[in-house]
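# Geometric and topological summary
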Amino acid sequence: MLGAGAWGTTFAAVLADAGTDVTLWGRDDAVVRSVRDDRRHEASLPGVELPPGIHATTDIEEALAGADLVAVAVPAQRAREIIAPFAPLLPAGAVAVSLMKGIELGTHERMSQLIAEAWGLPGERVAVVSGPNLAQEIAQRQPTATVVASESREAAEMVAAATASSYFRPYTNEDVVGVELSGAYKNVIAVGVGITDGLGFGNNTTATVITRGLAEIQRLGLSLGARAETFSGLAGMGDLIATCASPLSRNHTLGAHLGRGASLDDAIARTRGTAEGVKTSQSIQELAAAQGVDVPICDGVVTMLSGGAPVQAVIEALLSRPRKAEVD
């Protein structure tokens, strides 16, 4: 497990609880010692006791030696620079698992594409985990389900078997594009919902942003070859609801700070963690433009993040559009 933040550490716990032998790699000596010796990661998972069986190390060679699965949970926009040097250490035949939810700036690549390129892997050796994955709740062993997607059914089943437990239920899916796009795009929509909450708008506005946001995600996904049914499932609507509704969501929290009048820099500082929707909003806006797909809520979020008037941006994204049928 590469990445000892909240989600990486939680996923290491999921693997350990499922009976999988797991080594957690991180770069912070204090965090690694605390996980290894005290079974704690108070900075990211306060009050959570981690299961026995997680070996933690700062030695990347030790972490990767003999691994069958290599899961990655590092900041999406820094993923390439972090993981590319590890390519020569990757065990032959290992399946790479992306836990990241973002679209890389510049290349517009999904994280599975980035990993495959950085490590020289074919698509059948890469899998994606996405869905309602709020780390704090999962670390507390609250019941949840998720989606494991891969071009290879065997790889997806391998990851599912390594993670299934009494509280963590993985489903498999072959629609990597739809699952991964949903995970990245929902962070943008969550920033938008947070902004409307911060502005004091109510549940009608929240419901409008979520449902029209899902329509945007599906519209772009279908243009990229995704399957329509993916967007009504755990990776689509499920993850969107969790991220937009929960105070545990960093993207929602950041948006709420913006809606209350904070600058972007202040909102990032107060959120205390990476809100992937900030930079992913720009990547998705550019990707949608290249595909010729209309994404008004994403456009509105980009406008607000760049200092545009929040109320006006919300109104334009939701209401100042040509009237049309809800479903084409």
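Please refer to the structure placed before this passage.
Residues numbered from 1 in each chain as written. Predicted model: local features only at pLDDT ≥ 70, side-chain atom pairs only at ≥ 80, totals over all residues. Heavy atoms only, no water.

### A few points about the pairing of strand β5 (residues 126-130)
Where a strand is regular, its side chains alternate between the two sheet faces. Across the five residues that make up β5, a large majority, five, are buried. The side-chain alternation of β5 yields two buried faces, one formed by Val126, Val128 and Ser130 and the other by Ala127 and Val129. Bridging between strand β4 (residues 95-98) and β5 involves three bridges; their strand directions are parallel. Looking across to β5, one finds that Ser98 is bridged to Val128. The β-α-β motif built from β4, the intervening helix α5 (residues 111-119) and the parallel element β5 has right-handed crossover chirality. (Buried < 20%, exposed > 50% of the residue type's maximum accessible area, 1.4 Å probe, protein only. Helix = DSSP H or I, 4+ residues; strand = E, 2+ residues; numbered from the N terminus. Pairing = 2+ DSSP bridges. Right-handed = clockwise from strand over helix to strand, strands pointing away.)

### Here we look at the sheet that holds β4
Ordered in space as β3-β4-β5-β6-β7, the five strands form an open sheet in which the pairing is mixed. Only two strands of the sheet have a single neighbouring strand rather than two, namely β3 (69-72) and β7 (168-173). Shown here is a sheet whose adjacent strand axes are inclined to one another by a mean of 25°, direction ignored. Where β3 lies against β4, four bridges are found, and the strand directions are parallel. The residue bridging Leu69 from the neighbouring strand is Val95, located in β4. (Axes fitted to C-alpha atoms, helices over the stretch in contact; angles between N-to-C directions.)

### Here we look at a nonpolar patch on the surface
A surface patch of nonpolar side chains, about 210 Å² in accessible area, is lined by Phe201, Val311 and Ile315. Residue placement: Val311 occurs in helix α15 (residues 310-318). (Patch = residues over 30% accessible without salt bridge, like charges linked within 9 Å, V, L, I, M, F, W, Y side chains within 5 Å. Areas by Shrake-Rupley, 256 points an atom, 1.4 Å probe, with all protein chains shown as cover. Salt bridge = Lys/Arg side-chain N within 4 Å of Asp/Glu carboxyl O.)

### Focus on the packing of aromatic side chains
Per the counting criterion, the structure on display carries two aromatic pairs. With a centroid separation of 5.6 Å and an interplanar angle of 70°, the aromatic rings of Trp7 and Phe11 are classed as edge-to-face. Here Phe11 and Trp7 lie together in helix α1 (residues 6-17), a separation of four residues that amounts to about one turn. Both residues of the pair, Trp7 and Phe11, count as buried. Here Trp25 and Phe86 contribute two aromatic rings whose centre-to-centre distance is 5.4 Å and whose plane-to-plane angle is 80°, an arrangement assigned as edge-to-face. With Trp25 in strand β1 (residues 22-25) and Phe86 in the loop between α4 (79-83) and β4, this residue pair connects regions lying 61 residues apart in the sequence. For the residue pair Trp25 and Phe86, the accessibility class agrees, reading buried in each case. Above the plane of the ring of Tyr171 lies Arg169, whose end atom (NZ or CZ) is 4.1 Å from the centre. (Phe/Tyr/Trp six-rings, centres within 6.5 Å; stacked < 30°, edge-to-face > 60°. Lys NZ or Arg CZ within 6 Å of the ring centre and 35° of its normal.)

### Structural notes on the environment of Ala156
Its location among the elements puts Ala156 in helix α7 (residues 153-163). Residue Ala156 is classed as buried on the basis of its relative accessible area, which comes to 2%. Residues Ala156 and Val129, spaced 27 residues apart in sequence, show a C-alpha to C-alpha distance of 9.2 Å. Apart from residues lying up to four places away in sequence, Ala156 is in contact with Val148, Ser150 and Thr172. (Contact = heavy atoms within 4.5 Å.)

### Let's talk about the nonpolar core
Counting residues in hydrophobic clusters, the biggest one holds 39 residues, and the most contacted among them are Tyr185, Ile189, Leu220 and Leu254. Elements that contribute at least two residues to this core include exactly α8 (176-198), α9 (203-223), α10 (234-245), α11 (250-259), α13 (277-291), α14 (296-305) and α15. Sort the elements by how many residues they give to this core and α8 lands first, with 10 residues. Not counting chain neighbours up to four residues away, the residues in contact with Leu220 comprise Leu181, Tyr185, Ile284, Leu287, Ala288, Gln291 and Val293. Counting 37 residues, the second largest nonpolar core, distinct from the first, contains Val48, Ala73, Ala139 and Phe168. (Core = buried A, V, L, I, M, F, W, Y, C linked by side-chain atoms within 4.5 Å.)

### Structural notes on the pattern of salt bridges
Tallied over the entire structure, the rule returns 12 salt bridges. With its nearest N and O atoms 2.9 Å apart, the salt bridge here joins Arg39 to Glu49. Note that Arg39 is positioned in the loop between α2 (29-38) and β2 (54-57) and Glu49 in the loop between α2 and β2, a separation of 10 residues in sequence. Take Arg39: its relative accessible area is 29%, and that puts it in the partly exposed class. Residue Glu174 is joined to Arg153 by a salt bridge in which the shortest nitrogen-to-oxygen separation is 2.9 Å. One end of the pair, Glu174, is in the loop between β7 and α8; the other, Arg153, is in helix α7, and 21 residues separate them in sequence. Judged by relative accessible area, which is 34%, Glu174 ranks as partly exposed. With a relative accessible area of 58%, Arg153 lands in the exposed category. Linked by salt bridges that have partners in common, Arg80, Glu104, Glu109 and Glu117 make up one network.

### Some details on the packing of α8 against α11
For any two helices packed against each other, one specifies the inter-axial angle together with the distance between the axes. Contact pair α8 / α11: the axes reach a minimum separation of 6 Å and the direction vectors enclose 40°. Both α8 and α11 take part in a crossing whose hand is right-handed. Residues Asn187, Ala190, Val191, Val193, Gly194, Ile195, Asp197 and Gly198 of α8 form the contact with α11, whose own contacting residues are Asn251, His252, Leu254, Gly255, Ala256, Leu258 and Gly259. Of the residues in the contact of α8 with α11, the class split is seven nonpolar, seven polar and one charged. (Left-handed = near helix turned anticlockwise from the far one by under 90°. Nonpolar A, V, L, I, M, F, W, Y, C, P; charged D, E, K, R; others polar.)

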